[in-house]
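Spelled out, the chains give:
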Amino acid sequence: MRRKIALAALLLSLTFCAEAQIIVGGNIGITASSGSDSRVGIVIAPEIGYSFSPNFTVGGVISYRSLQNTFGITPYLRGYLFNVEDFLRVFLSVQAPCRFASGYQSYGAYVRPGASLRISQGVWLVAHIGAFGYSYVNSQGSSFGGWSAEVNSNTINIGFCFTI
């Protein structure tokens, strides 16, 4: 009886793993500050994820922003709302970003809509547009937090992902 249960569990896990895919990608961007001290910087944000099914992915992004000299980590859960013939996929990501620098920390929880467009077999152009959620910032002794719903240059990201 134990052998049958073990064999059934093994076959079930192999079936589950056959649908799974590893996603590797990210984005590189340019950011700028305005005002009397205007500067230009870069953002580097590699990503890795694991698709458990065609409709669900879990992953994370590690980021560096040169302008603010901050490092960040953003775990996410992504649910695909619909898929148009494996060419265009629309999704919602639930993200929990954390950024750190000397004397600065920020934490948050966001829902971000986005879309993936297949360029070729295993290569996707991925865009996030907007963010709705809560953030908390502690900067040099003062702290604040609040809810926001935004679509601006900070909440629009475009990058590439490769499925393995």
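The following paragraphs examine the structure supplied in this document.

Calculation criteria
Per-chain numbering applies: the sequence of each chain, read as written, is numbered from 1 onward. pLDDT decides what is reported in this predicted model: residues at 70 or higher carry local features, side-chain atom pairs at 80 or more are listed and counted, and totals for whole chains, interfaces and linings draw on all residues regardless. The side-chain values count all of the structure's non-hydrogen atoms but skip hydrogen atoms and water molecules. Centres within 6.5 Å are what make two rings of Phe, Tyr or Trp a pair, Trp counting through its six-membered ring; a difference in plane orientation under 30 degrees is then read as stacked, over 60 as edge-to-face, and the rest as tilted. The classification of residues rests on relative accessible area computed with a 1.4 Å probe and restricted to protein chains. Under 20% of the type maximum is buried, over 50% is exposed, and intermediate values are partly exposed. In this scheme, the term charge over a ring applies when either NZ of a lysine or CZ of an arginine sits within 6 Å of the ring centre and within 35 degrees of the ring normal. For helices the rule is a DSSP run of H or I covering at least 4 residues; for strands it is a run of E covering at least 2, with both sets numbered from the N terminus onward. Any two residues whose heavy atoms approach within 4.5 Å are treated as being in contact. Among buried residues, the Ala, Val, Leu, Ile, Met, Phe, Trp, Tyr and Cys ones that are joined through side-chain atoms within 4.5 Å form a nonpolar core. We define a salt bridge as a side-chain nitrogen of Lys or Arg found within 4 Å of a carboxyl oxygen belonging to Asp or Glu.

### Overview of the packing of aromatic side chains
Remark: the centre distance and the inter-plane angle together describe each pair of aromatic rings, the angle taken between the planes.
Right, so step 1: Across all of its chains, the model carries 7 aromatic pairs by this definition.
Right, so step 2: Judged by centre distance (4.8 Å) and plane angle (75°), the rings of Tyr50 and Phe52 are edge-to-face.
Right, so step 3: For Tyr50, a relative accessible area of 27% translates into the label partly exposed.
Right, so step 4: Following the ring pairs from residue to residue traces out a cluster consisting of Tyr50, Phe52 and Phe56.
Right, so step 5: The lysine or arginine in question, Arg89, covers the ring of Tyr80, its NZ or CZ lying 4.8 Å from the ring centre.
Right, so step 6: Looking at Arg89, its charged tip hangs above the ring of Trp124, at a distance of 3.9 Å from the centre.

### Quick notes on the side chain of Ser116
Right, so step 1: Structurally, the position occupied by Ser116 is in strand β7 (residues 104-120).
Right, so step 2: Those residues in contact with Ser116, other than ones at most four positions away along the chain, are Tyr80, Phe87, Leu88, Arg89, Phe91, Trp124, Leu125 and Val126.

### Some thoughts on the nonpolar core
The nonpolar side chains of soluble globular proteins are, as a tendency, buried together.
Right, so step 1: Judged by nonpolar contacts, Ile23, Tyr80, Phe91, Trp124, Val126 and Cys161 together constitute the single largest core of 6 residues.
Right, so step 2: Those residues in contact with Phe91 that sit more than four places away from it in its chain are Arg78, Gly79, Tyr80, Leu81, Arg112, Pro113, Gly114, Ala115, Ser116, Val126, Ala127 and His128.

### Observations concerning the pattern of salt bridges
Right, so step 1: Scanning all chains against the criterion turns up 2 salt bridges.
Right, so step 2: The shortest N-O distance in the salt bridge between Arg78 and Glu47 comes to 3.6 Å. Pair noted here: Arg78 is in strand β4 (residues 70-84) and Glu47 is in strand β2 (residues 40-53), with a separation of 31 residues, a long-range link. Comparing Arg78 with Glu47, the two get one shared label, buried.
Right, so step 3: One salt bridge in this structure joins Asp86 and Arg118, with 3.7 Å as the shortest N-O distance. Residue Asp86 is found in the loop between β4 and β5 (88-95), and its partner Arg118 is found in strand β7; the two are separated by 32 residues along the sequence.
Right, so step 4: Take Asp86: its relative accessible area is 36%, and that puts it in the partly exposed class.
Right, so step 5: Note on Arg118: relative accessible area 26%, which makes it partly exposed.

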